[in-house]
Amino acid sequence: MKSFTAIIFCIVLCFSPANAQNSTKITIKKNFDFQNSTELETLLKNAVDETIKKVSPGAIKPEEIAATVIDLSDANNFKTANFNGEMKIYPASVVKMFYLAAIHRWLEDGKIKLTPELERGLKDMIVDSSNDATHYIFDILTETGGGAEISQQELDKYAFKKNAVNRYFQTLGYSNININQKTYCEDIYGRERQFWDGGKQRNMLTTNATARLLTEIALGKSVSIERSRKMLDLMKREPFAPTKDEEDQAHGFTGISLKELNLQDAKLFSKAGWTSSTRHDAAYIETSGGLKLVIVIFTQNHANERQIIPGIATKIIEKLRK
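Let us look at the structure shown here. (Residues numbered from 1 in each chain as written. Predicted model: local features only at pLDDT ≥ 70, side-chain atom pairs only at ≥ 80, totals over all residues. Heavy atoms only, no water.)

## Considering the overall build of the protein chain
How we decide: Helix and strand assignments follow DSSP, with helices taken as H or I runs no shorter than four residues and strands as E runs no shorter than two, numbered in order from the N terminus. The classification of residues rests on relative accessible area computed with a 1.4 Å probe and restricted to protein chains. Under 20% of the type maximum is buried, over 50% is exposed, and intermediate values are partly exposed. We call two residues contacting when some pair of their heavy atoms lies within 4.5 Å. The Shrake-Rupley method, run with a 1.4 Å probe, gives the accessible areas here. Residue values count only the displayed protein chains as cover.
Broken down by element type, the protein chain carries 11 helices and 8 strands. Out of the 322 residues belonging to the protein chain, those deemed buried represent 54%. In the protein chain, the share of contacts with a sequence separation of at least 24, taken over all contacts with a separation of at least 6, comes to 67%. For the protein chain, the accessible surface area stands at approximately 14400 Å², while carbon and sulfur atoms represent 47% of it.

The structure is reproduced here in structure tokens:
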């Protein structure tokens, strides 16, 4: 299994994103490369194996699951592990977290201005996972839109604009990902279908890259502490709140684990993705006992199996919580 080496941050003083307004000054060292924790690696592999056997022995293949775990509980010693963490998978709505971070970078740099409509679009994209809102946000990021087919010369210019978010994350050292498409409900038409190029330009993420971004947001290092807090605010989930939709982002994914473990005081921040063939969740969890944990789990070909993600997450949280 490939070791997970990430550009991450070594925190000297403890920082809690759930209370960013009260955080003390932190000292960080950038570009700290580290190898996986053998102990955490074993825990994650066992969690995957045991969940497969419990949920559907023989029907779920290991290559249909990817997962990355980053334990941030010890500010001086982050631990990480991954299972197929560099496998490229269609991310569904999880990609919206990357568009959220990019919008805040654009805002910070003064490329765009915050308006009530932009705030509404960001909220609907992350809280409700609206694809229509995502189209609006993506068009702002790339200064593109849909329309009739265009010539090859025009398409080349169009493609450059469409890759604006890819270029941004490449400057941060992200690799092995593609995030230059909107999230579509049904199909793609016109120039957007031309750019999609028969699926060659399909969005692709790894759980390692997704966990890295969520870690940066959780640590207040995505754009700025204040902007990271705003991102987390939109990803806040309430798994213990009443719901009429058991498949929503709070109740249908990692939130199931918190309910199974009765961690009613835990804080959950997440972005889920779900299609007819994939089921994913990227979650950051804080408990009153001091656990601070990023868990990203992608699954393929088992979109309607609700127990894979919480099955893996429950075993990890139960072992690491204090």
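So that's the structure; there's more coming.
## Side note on the packing of aromatic side chains
The condition that has to hold: Pairs were defined over the aromatic rings of Phe, Tyr and Trp, the Trp ring being its six-membered one, requiring ring centres within 6.5 Å. Orientation was assigned from the angle between planes: stacked under 30 degrees, edge-to-face over 60, tilted for the rest. Only lysine NZ and arginine CZ atoms are considered, and such an atom sits over a ring when it is within 6 Å of the ring centre and within 35 degrees of the ring normal.
Within this structure, the stated rule accounts for 8 aromatic pairs. Relative to Tyr 174, the ring of Phe 169 has its centre 5.1 Å away and its plane inclined at 85 degrees; by these criteria the two rings are edge-to-face. An aromatic cluster is defined as three or more aromatic residues linked by ring pairs; in this entry it consists of Phe 98, Trp 106, Tyr 168, Phe 169 and Tyr 174. Here the basic side chain of Arg 202 rests over the ring of Tyr 90, its NZ or CZ set 4.1 Å away from the ring centre. Looking at Lys 236, its charged tip hangs above the ring of Phe 269, at a distance of 5.8 Å from the centre.

## What about unusual backbone geometry?
In the Ramachandran plot, Ser 129 falls in the positive-phi region, its phi being about 55 degrees despite a non-glycine side chain. Looking at the secondary structure, you find Ser 129 in the loop between α3 (116-126) and α4 (131-142). Overall, the relative accessible area of 19% leaves Ser 129 in the buried class. The backbone phi angle of Glu 143 is positive, close to 55 degrees, even though this residue is not glycine. The residue Glu 143 is located in the loop between α4 and α5 (152-162) in this model. Residue classification places Glu 143 among the exposed residues on the basis of a relative accessible area of 62%.

## A few points about the side chain of Thr 207
Within the secondary structure, Thr 207 is located in helix α8 (residues 207-218). Residues in contact with Thr 207, not counting those within four places in the same chain, are Ala 66, Ala 67, Thr 68, Asn 84, Gly 85, Val 296 and Phe 298.

## Things to note about the packing of helix α2 (residues 96-108) against helix α9 (residues 225-235)
This is how the line gets drawn: All axes here are fitted lines through C-alpha atoms, helices being fitted over the stretch that makes contact, and every angle between N-to-C directions spans 0 to 180 degrees. Definitions for this section: a left-handed crossing has its near helix turned counterclockwise from the far helix by less than a right angle. A right-handed crossing has that turn clockwise. Here the term charged refers only to Asp, Glu, Lys and Arg, the term nonpolar to Ala, Val, Leu, Ile, Met, Phe, Trp, Tyr, Cys and Pro, and the term polar to all other amino acids, Gly among them.
Packing of α2 against α9 brings their axes to within 10 Å, and their N-to-C directions diverge by 145 degrees. Seen from above, α2 lies across α9 with right-handed handedness. For the pair α2 and α9, the contacting residues are Met 97, Leu 100, Ala 101, His 104, Leu 107 and Glu 108 in the first and Arg 227, Lys 230, Met 231, Leu 234 and Met 235 in the second. Grouping the amino acids of the contact of α2 with α9 by side-chain chemistry returns 7 nonpolar, 1 polar and 3 charged.

## Structural notes on the environment of Gln 152
With respect to the helices and strands, the residue Gln 152 is situated in helix α5. On the basis of relative accessibility, which here comes to 52%, the residue Gln 152 falls in the exposed class. As a C-alpha pair, Gln 152 and Gln 194 span 42 residues in sequence and 9.5 Å in three-dimensional space.

## A word on the nonpolar core
In plain terms, the rule: For our purposes a nonpolar core is just a set of buried Ala, Val, Leu, Ile, Met, Phe, Trp, Tyr and Cys residues, chained together by side-chain atoms within 4.5 Å.
Core analysis: the largest hydrophobic core is formed by 50 residues, its most contacted members being Tyr 99, Phe 169, Ile 179 and Met 235. Residue contributions to this core peak at 9 residues, all from α2. The residues touching Ile 179, leaving out its near neighbours within four places in the chain, are Val 95, Phe 98, Tyr 99, Phe 138, Val 165, Asn 166, Phe 169, Asn 203 and Leu 205. In this structure, Val 69, Ile 308, Ile 316 and Ile 317 belong to the second largest nonpolar core, which totals 32 residues.

## Observations regarding the sheet that holds strand β3 (residues 65-71)
Here is the rule we go by: Note: two strands are recorded as paired if DSSP finds a minimum of 2 bridges between them.
The strand order β4-β3-β8-β7-β6-β5 describes an open sheet built from 6 strands, whose pairing is antiparallel. Here the strands that pair on one side only, and so sit at the sheet edges, are β4 (79-83) and β5 (236-237). Where β5 meets strand β6 (residues 267-274), 2 bridges bridge the pair, whose relative direction is antiparallel. Within β6, the position partnered with Arg 237 by the bridge is Leu 268. Strands in contact with α8 are β3, β4, β7 (278-286) and β8 (292-300); relative to β8, the strand with the most contacts, it is inclined by about 150 degrees.

## Quick notes on α3
As a reminder of what qualifies: Arc definition: it is the arc formed by the directions from the helix axis to the C-beta atoms.
Buried within α3 are the following residues: Leu 118, Gly 121, Leu 122, Met 125 and Ile 126. Mapping the buried residues of α3 onto a view down its axis gives an arc of 115 degrees, with all of them on the same face.

## Observations concerning the pattern of salt bridges
Put simply, the rule reads: Salt bridges are defined as contacts in which a side-chain nitrogen from Lys or Arg sits within 4 Å of a carboxyl oxygen from Asp or Glu.
Considering all chains together, one arrives at 16 salt bridges under this definition. The shortest N-O distance in the salt bridge between Lys 45 and Asp 49 comes to 2.8 Å. In this pair, Lys 45 and Asp 49 both sit in helix α1 (residues 38-55), 4 residues apart, roughly one turn of the helix. Judged by relative accessible area, which is 38%, Lys 45 ranks as partly exposed.

## What about the environment of Asp 132?
Within the secondary structure, Asp 132 is located in helix α4. With a relative accessible area of 59%, Asp 132 lands in the exposed category. Spatially, the C-alpha atom of Asp 132 lies 8.7 Å from that of Gly 121, the residues being 11 residues apart in sequence.

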